[in-house]
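Structural characterization, general
What follows is the residue order along each chain.
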Amino acid sequence: DLSEAFGIMDENGDGVLQKEEIIIAIERSAHHVEINPEEYADKLMPKEEAVDADGNQSNSLFDMATFTEMIKKASEEEIKEGEVPSLNQQMSQLASDVLVSYYYYAEEQEEPVYDASAYYNPHNMTYEELEYHLYEWEEGAVGHVSEYFDWEVFERMRNQEDDYYKEDEEHEEEDDEEKKQTLKDQEHHDDGSKTKVDMRKSNTDHYLNLSNDVAHVVEFYAPWCPHCQHFKWEYIEIATETKRRTTSTPVEFHAVSCDVYWRICSTYEVDGFPTIMGWKKGDSFEKAGVIMNEEEEIHPDLVGDMLHLDLANEAVEIYELEFETEKERLAYEKKQAKKAKQAAQKKASWHQYTPHTHNDRYHNAALSFAFAIKTQLFQTLTEDGKMEPKRKNALVDFLNLMEWATPPSWNLRTGFVKELQWSLDSDAISSRGALESVIDSDVDKHRSGKQDLLWGYADPNLRTSWAGGLLGPSEEQLAKDDKKWSNSCTHLEPAKGFTCGLWNLFHILTIGSSKPEHQVYGFHRGYFVSPHHVAETIRNFVEYFFSCSVCRTHYLEMYDNCGHDHCTRLKSEINMGTKDGSDKELSIWLWEVHNDVNARLMKEAAQRQNRNVTHEETMASMFPTRKMCPDCWLNENMTKWDNATVFKFLDEWFWPADLPPSKQFKSVISGQPGKEADIDEADIEVANEPIPSTKSRK
């Protein structure tokens, strides 16, 4: 920050730097460099006259404009090995030293100047050690880019042990100067895009010590590399946007200083700086990652494509292109039209993908539900380390909704949901590990053949054969891996499974909550079962358990502003047995919301290709397509629909056929365990009594 550096140096606050002030700055910041501060200051002082606060001319003053201009020029100048830095570069270095010294180093003190600085220098490095890094003390990188740190390596470096500097124990001892020489032999590319280095090879491979349960992006850099310094903030911006837009697979960004971890850089054959490598979730770090900045400029969408991440789209501005000839313009428009047609065909094929069974939808919904709570339940904790009350309450409400608004045959409801309800009520789950144990144990019951259906399945008409009880699930069923979303959701892009499964779950809940027998069951269980309360429960689940920041923000803004008129359409009373269709309004409302999201995502995807979305693309984004349900749509533009037909389609699509109320349903309704009772008009009349509206969130 130029103004901050200038302000620190300008001790008397008169808006100009005098020679004495520059000398003080040099003495405070460059204590480790053997120079003559007065001679150094003389070199830096401007030769042209400046004006002080009183309007006096003097060549011993240094104004802000000159200071800024020098540092800006320094950023454009090339640093050549063995040559004396220019005056611009010397001033830039002094300004950098001033800031670092002010915040992170006090002369004759081992502790940082301010307590807060320990947060940005978590390993309490000395000033000299900080010089090995670009990111360690950067506030803007915190939470977005993690400086790779291995304490053992740093201890060896601090103690100047031979093991750190030598290739291996058998290597002959090097003299002190050779020990301290790390990666300074460099030559610049003609385009200045990457600094080439001659990496010393080690006889022993050293790998990154990172978990492979998330995706990773790693920048290998050298702190003395000019392009690395310029690229730093761009890398932080890429990390920030990518992590904000990812919908499911977590991704972490790291920075590795090859001045410190040259063995690791040698193992991965890093031959230039900066080098960006990526590892997909599950990849082994014993192999080099894919190089991400080799052929084109790195950006979040490239990161998503190369690491198989599902990134939420965002609106961007379309820019005008200039063409030298009419032929070039027509060729460009033809290319853009082809992209639009391909996008429309791709989206329609996703909607119409086969096979796409009820068990696919319920299996995907189960996976997304488990993934959401596993990754988000302990995302924020109270001061005493417990789960956040609001987050816990949102989950409890959602579990209650799943108990009464999902099919009785869904083994997730009868097993996992029940187990979670009991565990949360008794505070038996206190960590993510405990939660994962509950999930894994329920999955194992089904994978071991102890249950008729695989985990997440709901359709009793697709049970295993009698041999399944002896030999386990068939090969066909095992193909539907319990840890993977089905192709009907991912379309061979694994990261897309989470959002698809979550939408399946929301649709299942709105369909189930519209059924009179489920409403009566929920009412007798003591739950709020009105359309308004169901919508509120889904809304709160999105707020606390939808890990995609962009997606979550869009949904909450829509809902909290009465999107699609839900404040009027969705009642706080139960509407069973009505003939006006109000009991189906929630299902239609969520369907409208989902299609609106589909259309927005299609539009934003087109904008990222620098074009306007076509009408063909918008229609292809609508679900169901005209081919899937021709009677759902009342006009060619698919802007009008028949509510009754749409609801019938949704009911058949998301609800297993021929599912009579279970014995448990009838037992609860009768009020006597073991005694079954049919649902009659009296039950509906009692349950239809008005329920007070919940207070407005505002």
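On a predicted model such as this, the values are computed, not experimentally measured, just so you know. (Residues numbered from 1 in each chain as written. Predicted model: local features only at pLDDT ≥ 70, side-chain atom pairs only at ≥ 80, totals over all residues. Heavy atoms only, no water.)

**Here's the deal with the overall build of the protein chain**
For the record, the criterion: Each helix is a run of DSSP H or I of at least 4 residues and each strand a run of E of at least 2, with the numbering of both proceeding from the N terminus. Here's how the labels work: a residue is buried when its accessible area is under 20% of the maximum for its type, exposed when over 50%, partly exposed in between, all with a 1.4 Å probe on protein chains only. Whether two residues are in contact is decided by their heavy atoms, any of which lying within 4.5 Å being enough.
When you go through the protein chain residue by residue, the secondary structure sums to 31 helices and 12 strands. Out of the 698 residues in the protein chain, the part that is buried amounts to 47%. Sequence-distant contacts, at least 24 apart, represent 69% of the contacts inside the protein chain between residues at least 6 apart.

**Details of the state of the cysteines**
Threshold: What counts as a disulfide here is a pair of cysteine sulfur atoms lying within 2.5 Å.
Overall, the coordinates contain 4 disulfides when judged by the stated rule. Covalent S-S linkage joins Cys258 and Cys265, the inter-sulfur distance amounting to 1.9 Å. The S-S bond linking Cys258 to Cys265 shows a torsion near -90°; that makes this disulfide left-handed. Of the two residues, Cys258 and Cys265, both sit in the buried class. One disulfide in the model links Cys489 with Cys500; its S-S distance is 1.8 Å. Between Cys489 and Cys500, the disulfide has an S-S torsion of -90° and is therefore left-handed. With Cys489 in helix α21 (residues 487-490) and Cys500 in helix α22 (residues 497-512), the pair connects residues that are 11 residues apart, well separated along the chain.

**Structural notes on the sheet that holds strand β5 (residues 145-147)**
This is how it is decided: At least two DSSP bridges between two strands are required for those strands to pair. Lines fitted to C-alpha atoms define the axes, with helix axes restricted to the stretch in contact, and inter-axis angles between N-to-C directions lie between 0 and 180 degrees.
Here 5 strands make up an open sheet; going across it, the order is β5-β9-β8-β11-β12 and the pairing mixed. Each edge of the open sheet is held by one strand with a lone partner, namely β5 and β12 (290-291). The strands touched by helix α13 (residues 300-307) within the sheet are β8 (215-221), β9 (251-257), β11 (275-279) and β12, with β8 carrying the most contacts at an inclination of about 120°.

**Brief notes about the confidence of the model for the protein chain**
Just so we agree on the cut-off: Looking at any residue, its pLDDT shows the predictor's confidence there, from 0 to 100.
Across the protein chain, the average pLDDT comes to 77, with 73% of residues at or above 70. Predicted confidence is poor over residues 162-192, with pLDDT under 50, and the contacts of this stretch with residues over four places away or in other chains come to 66 contacts. Note on residues 463-480: pLDDT under 50 across the span, and 21 contacts to partners over four residues away in sequence or across chains.

**Description of helix α16 (residues 389-405)**
To keep things clear, this is the line we draw: What a helix is expected to span follows from its residue count: subtract one and scale by 1.5 Å.
Under the 1.5 Å per step criterion, the end-to-end length of α16 is 24 Å for 17 residues, consistent within 8% with the ideal 24 Å. Taken together, the buried positions of α16 are Arg391, Ala394, Leu395, Phe398, Leu399, Asn400, Leu401, Met402, Glu403, Trp404 and Ala405.

**Comments concerning the environment of Lys484**
Within the secondary structure layout, Lys484 lies in the loop between α20 (475-478) and α21. Residue Lys484 is classed as exposed on the basis of its relative accessible area of 54%. Residues Lys484 and Phe498, spaced 14 residues apart in sequence, show a C-alpha to C-alpha distance of 9.8 Å. Sequence-distant contacts of Lys484, defined by excluding residues within four places in its chain, comprise His363 and Leu367.

**Topic: the packing of aromatic side chains**
The line we're drawing: We call Phe, Tyr and Trp rings a pair once their centres come within 6.5 Å, taking the six-membered ring for Trp, and we label the pair stacked below 30 degrees between planes, edge-to-face above 60, and tilted otherwise. A ring is considered to have a charge above it if a Lys NZ or an Arg CZ atom is located within 6 Å of its centre and within 35 degrees of its normal.
The tally for this structure, following the rule as stated, stands at 29 aromatic pairs. Measuring from centroid to centroid gives 5.0 Å for Trp279 and Phe285, while their planes differ by 40°, and the two rings are tilted. Of the two residues, Trp279 and Phe285, neither departs from the other in class, the shared state being buried. Arranged with centres 5.7 Å apart and planes meeting at 65°, the rings of Phe623 and Trp653 form a pair that is edge-to-face. Of this pair, Phe623 sits in the loop between α28 (615-621) and α29 (643-654) while Trp653 sits in helix α29, placing them 30 residues apart in sequence. For the pair Phe623 and Trp653, one class covers both residues: buried. Pairwise contacts between aromatic rings join Phe369, Phe398, Phe416, Trp503, Phe506, Phe541 and Phe545 into one cluster. Above the plane of the ring of Trp653 lies Arg361, whose end atom (NZ or CZ) is 3.7 Å from the centre.

**Remarks on the nonpolar core**
What counts is decided by this rule: Buried Ala, Val, Leu, Ile, Met, Phe, Trp, Tyr and Cys residues that are joined via side-chain atoms within 4.5 Å together make up what is termed a nonpolar core.
Membership of the largest hydrophobic core comes to 85 residues, with the highest contact counts inside it found for Phe369, Phe541 and Tyr555. Per-element accounting of this core gives the leading share, 9 residues, to helix α15 (residues 358-376). Sequence-distant contacts of Tyr555, defined by excluding residues within four places in its chain, comprise Trp503, Ile538, Arg539, Val542, Trp589, Leu590 and Val593. Core analysis: the next-biggest nonpolar cluster, separate from the first, contains 49 residues, Met125, Phe253, Ile276 and Leu309 among them.

**Some points on the pattern of salt bridges**
Close approach of charged atoms lets side chains of opposite charge pair. Quick reminder of the rule: For salt bridges, the criterion is a side-chain nitrogen of Lys or Arg within 4 Å of an Asp or Glu carboxyl oxygen.
Applying the stated rule across the entire model yields 22 salt bridges. The salt bridge partner of Glu241 is Arg245, with a shortest N-O separation of 3.0 Å. In this pair, Glu241 and Arg245 both sit in helix α11 (residues 226-245), 4 residues apart, roughly one turn of the helix. Of the residues examined, Arg245 reaches a relative accessible area of 0% and is grouped as buried. Measuring nitrogen to oxygen at the nearest pair gives 3.6 Å for the salt bridge that ties Arg608 to Glu241.

**Focus: unusual backbone geometry**
Cis geometry is adopted by the peptide bond preceding Pro274, which originates at Phe273 and carries an omega value of -15°. With omega at -5°, the peptide bond leading from Phe623 into Pro624 counts as cis. Unlike most non-glycine residues, Met638 shows phi in positive territory, near 60°. Following the sequence through the fold, Met638 ends up in the loop between α28 and α29. Overall, the relative accessible area of 7% leaves Met638 in the buried class.

**Re the packing of α16 against helix α17 (residues 411-425)**
Threshold: With the far helix as reference, a near helix turned anticlockwise by less than a right angle produces a left-handed crossing, and one turned clockwise produces a right-handed crossing. In the scheme used here, Gly and all other residues not listed as nonpolar or charged are polar, with Ala, Val, Leu, Ile, Met, Phe, Trp, Tyr, Cys and Pro taken as nonpolar and Asp, Glu, Lys and Arg as charged.
Packing of α16 against α17 brings their axes to within 10 Å, and their N-to-C directions diverge by 145°. For the crossing formed where α16 meets α17, the hand is left-handed. Each of Lys392, Leu395, Val396, Leu399, Asn400, Met402 and Glu403 in α16 lies in contact with α17, whose residues at this interface are Leu412, Arg413, Val417, Lys418, Leu420, Gln421 and Leu424. Grouping the amino acids of the contact of α16 with α17 by side-chain chemistry returns 8 nonpolar, 2 polar and 4 charged.

**Observations regarding α22**
Think of an α-helix as turning once every 3.6 residues; residues three or four places apart then point the same way. In a regular helix each residue adds 1.5 Å, so 16 residues correspond to 22 Å; α22 covers 22 Å between its end C-alpha atoms and thus fits that length. Of all 16 residues making up α22, 15 are buried, and the element is well covered by its neighbours.

**Some remarks on a negative patch on the surface**
So the rule is basically this: Like charges within 9 Å and nonpolar side chains (Val, Leu, Ile, Met, Phe, Trp, Tyr) within 5 Å are joined into patches, using only residues over 30% in relative accessible area that form no salt bridge. Values of accessible area rely on a 1.4 Å probe in the Shrake-Rupley scheme; residue burial ignores everything except the protein chains shown. As used throughout, the charge tally considers Lys and Arg to be positive and Asp and Glu to be negative, leaving His and the chain termini uncounted. Every charge is mapped onto a representative atom, which is NZ of Lys, CZ of Arg, CG of Asp or CD of Glu.
A cluster of like negative charges, contributed by Glu294, Glu295, Glu296 and Asp305, occupies part of the molecular surface. Of note, Asp305 is situated in helix α13. Assessed through its relative accessible area of 60%, Asp305 is described here as exposed.

**Here's the deal with the side chain of Gln607**
Mapping Gln607 onto the fold places it in helix α27 (residues 585-607). Residue classification places Gln607 among the buried residues on the basis of a relative accessible area of 14%. If near-sequence neighbours (up to four positions away) are discounted, Gln607 is found in contact with Ala315, Val316 and Ile318.

**Points about the environment of Thr246**
Here is the rule we go by: For this analysis, a polar contact is any N or O atom pair within 3.5 Å, provided that within protein one partner can donate a hydrogen and the other can accept it, and provided that sequence-adjacent residues contribute only side-chain to side-chain pairs.
One can find Thr246 in the loop between α11 and β9. Thr246 sits 301 residues away from Ser547 along the chain, and the two C-alpha atoms are 8.0 Å apart. Non-local contacts of Thr246, meaning those with residues more than four positions away in its chain, are made with Asp310, Leu311, Ser547 and Cys548. Reaching out from Thr246, the side chain makes a polar contact with the backbone oxygen of Thr249 at a distance of 2.9 Å.

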